[in-house]
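# Structural characterization, general
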Amino acid sequence: MEKNIQDMFNKIAPGYDSLNNAISLFTHIFIKKIAIRALNIKPDSKILDLCAGSGDLGRIIKDTTPKTTILGADYSDKMLEIAREKNPDIEYFNMDATKLEFEDNFFDYVVMGFGLRNIPDKTAAIAEIYRVLKKGGEILHLDFGRKTFFSKIFNLIIISAAHFFSKQKDAYIYLINSKNNFPPPESLITMFKEQGFRCMKIKYLLFKIISFQIFKK
């Protein structure tokens, strides 16, 4: 990940959760729970929370399937500080998603929420996910979906909320641009297939503003 993106996330980390709650009216938590439930995680699994951010996905997994081993990875130290406070039972590492320091065929599942769009070399990140997953392992990828009328309205909500709740307005302009420039789910499916994955499920939420896909190695 480029250093300027890393620095940006370090700056917005202290208010990240509060602003997400304000922007989404807390719907982001329910969306994440729906996506994790669709993965149907089995007990005693090893799970990588990649681009873990402030640790929401790891917390949801621990709450729903406590008998799992979760490791988290992110490139922002400040985000990881928050994740560790929220999830003391999860071990977090500062890692580049394109150069993961885990063994081949190590994890049963990888979960990734709103992270791939912040990685310049998306192909390299997907290849690393494939490498660290066991054969038959699955990845849940959650992010924004199709670019619709409702998606444009959501951009205005982000700008308004950032104006009132955050001093880092430039960061949220970047996030809007990264959302708008992110490949649509259909293109993402092609990218994952090119690295050897099979698409098992795709689902749209919130008027197709949000999408998640489940892939199998």
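Remember, predicted model here, so these are calculated numbers, not experimental data. Think of each chain on its own: its residues are numbered from 1, step by step along the sequence as written. Local features in this predicted model are restricted to residues of pLDDT 70 or higher, and side-chain atom pairs are both shown and tallied only at a pLDDT of 80 or more, whereas totals for entire chains, interfaces and linings draw on every residue. Note that water and hydrogens are dropped before the side-chain values are worked out from all heavy atoms of the structure.

## Structural notes on the overall build of the protein
Numbering goes from the N terminus for both helices and strands, where a helix is a DSSP run of H or I of at least four residues and a strand is a run of E of at least two. Looking only at helices and strands, the protein features 8 helices and 7 strands. When we talk radius of gyration, it's over C-alpha atoms, and the globule rule is simply 2.2 Å times the number of residues to the 0.38. Against the compact-globule benchmark of 17 Å for 217 residues, the protein has a radius of gyration of 16 Å, which places it among compact chains. Taken along its principal axes, the extent of the C-alpha atoms in the protein is 45 × 35 × 30 Å. Buried, partly exposed and exposed residues are distinguished by accessible area as a fraction of the type maximum, computed with a 1.4 Å probe on protein chains only: under 20%, between the cut-offs, and over 50%, respectively. Here the protein, with 217 residues, has 52% of them falling under the buried criterion. Contact definition: two residues touch when any of their heavy atoms are within 4.5 Å. In the protein, once contacts between residues fewer than 6 apart in sequence are set aside, the share between residues at least 24 apart is 71%. Surface accessibility of the protein: about 10,600 Å² in total, with carbon and sulfur atoms responsible for 55%. The charge count includes Lys and Arg as positive and Asp and Glu as negative, but it does not include His or the ends of the chains. In this description, the location of a charge corresponds to atom NZ of lysine, CZ of arginine, CG of aspartate or CD of glutamate. The positive charge centre, built from 32 side chains, and the negative charge centre, built from 25, are 7 Å apart in the protein. Method for areas: the Shrake-Rupley scheme with a 1.4 Å probe, in which residue coverage is limited to the protein chains shown.

## Details of the packing of helix H2 (residues 27–39) against helix H3 (residues 56–64)
Relative orientation and spacing of two packed helices are given, respectively, by the angle between their axes and the distance between those axes. Axis definition: a line fit to C-alpha positions, over the contact stretch in the case of helices; interaxial angles, taken between N-to-C directions, run 0 to 180 degrees. As a packed pair, H2 and H3 sit with axes 10 Å apart at the nearest point and diverge in direction by 55°. Between H2 and H3, the interaxial angle falls into the category oblique. Note on packing geometry: the crossing formed by H2 with H3 is right-handed. Contact residues: H2 offers His-28, Ile-29, Lys-32, Lys-33 and Ile-36, while H3 offers Asp-56, Leu-57, Ile-60, Ile-61 and Thr-64. These descriptions rest on fixed angle ranges, namely under 35 degrees for roughly parallel, over 145 for roughly antiparallel, 65 to 115 for roughly perpendicular, and the rest for oblique. Should the near helix be turned counterclockwise from the far one by less than a right angle, the crossing is left-handed, whereas a clockwise turn marks it as right-handed.

## What about the nonpolar core?
Think of a nonpolar core as a cluster: buried Ala, Val, Leu, Ile, Met, Phe, Trp, Tyr and Cys residues, connected wherever their side-chain atoms sit within 4.5 Å. Phe-9, Ile-36, Val-111, Leu-140 and Ile-210 are the most contacted members of the largest nonpolar core, which totals 41 residues. In contact with Val-111, other than residues within four places in its own chain, are Ile-36, Leu-39, Ile-47, Leu-48, Asp-49, Leu-50, Leu-57, Ile-61 and Leu-140. Among the nonpolar cores identified, the runner-up in size contains 27 residues, and Leu-48, Met-95, Leu-100 and Phe-215 belong to it.

## What about empty space enclosed by the protein?
Cavities and pockets are found on a 1 Å grid laid over the protein atoms alone: a cavity is a set of points where a 1.4 Å probe fits but cannot escape, a pocket is an open set with protein on both sides within 12 Å along at least five of seven lines, and a lining residue has an atom within 4 Å of such a point. Grid points are joined across faces, edges and corners, and a volume is the space filled by probe spheres set on the points. Tallying each qualifying case throughout the model produces 1 cavity of 30 Å³ or more. By volume, the largest cavity amounts to about 710 Å³. Lining the largest cavity are 44 residues; nearest its centre among them are Tyr-16, Asn-20, Gly-113, Phe-114 and Arg-117. Of all the secondary structure elements, the ones that give two or more residues to the lining of the largest cavity are helix H1 (3–24), H2, strand S1 (46–50), H3, strand S2 (69–74), helix H6 (149–165) and helix H7 (169–181).

## Focus: the pattern of salt bridges
By convention in these notes, a salt bridge is any Lys or Arg side-chain nitrogen within 4 Å of a carboxyl oxygen on Asp or Glu. In the structure shown here, the tally under the stated rule is 10 salt bridges. For Asp-89, the salt bridge identified is with Arg-59, shortest N-O distance 3.4 Å. Of the two residues, Asp-89 is situated in the loop between helix H4 (77–86) and strand S3 (91–94) and Arg-59 in helix H3; the sequence distance between them amounts to 30 residues. Assessed through its relative accessible area of 43%, Asp-89 is described here as partly exposed. The partly exposed category is assigned to Arg-59, whose relative accessible area is 22%. With a closest N to O distance of 2.6 Å, Asp-104 and Arg-131 form a salt bridge. In this pair, Asp-104 is assigned in the loop between S3 and strand S4 (107–113) and Arg-131 in helix H5 (residues 122–132), connecting sequence segments 27 residues apart. One connected set of salt bridges, linked through shared partners, spans Lys-32, Asp-56 and Lys-86.

## Considerations on the layout of surface pockets
When its volume is computed, the largest pocket comes out at roughly 190 Å³. Looking at the largest pocket, the residues that line it are Ile-23, Ser-24, Leu-25, Thr-27, Phe-150, Ile-153, Phe-154, Ile-157, Leu-206, Phe-207 and Ile-209. Elements that contribute at least two residues to the lining of the largest pocket include exactly H1 and H6. Residue contributions to the lining of the largest pocket peak at 4 residues, all from H6.

## Comments concerning unusual backbone geometry
In the Ramachandran plot, Cys-51 falls in the positive-phi region, its phi being about 55° despite a non-glycine side chain. Along the chain, Cys-51 falls in the loop between S1 and H3. What makes Cys-51 buried here is its relative accessible area of 13%. In this structure, Asn-105 takes a positive phi of about 55° despite not being glycine.

## Quick word on a nonpolar patch on the surface
Patch definition: residues above 30% relative accessible area lacking any salt bridge, with like charges linked at up to 9 Å and the nonpolar side chains Val, Leu, Ile, Met, Phe, Trp and Tyr linked at up to 5 Å. Residues Phe-149, Phe-150, Ile-153, Ile-157, Leu-206 and Phe-207 make up a contiguous nonpolar surface patch of roughly 590 Å² in combined accessible area. Mapped onto the elements of the fold, Phe-207 is located in the loop between strand S6 (198–205) and strand S7 (210–216).

## A look at the state of the cysteines
Pairs of cysteine sulfur atoms within 2.5 Å are what we label disulfides. Tallying each qualifying case throughout the model produces 0 disulfides. With no disulfide of its own, Cys-51 lies 19 Å from the sulfur of Cys-199, the closest cysteine sulfur. Residue Cys-199 is classed as partly exposed on the basis of its relative accessible area, which comes to 26%.

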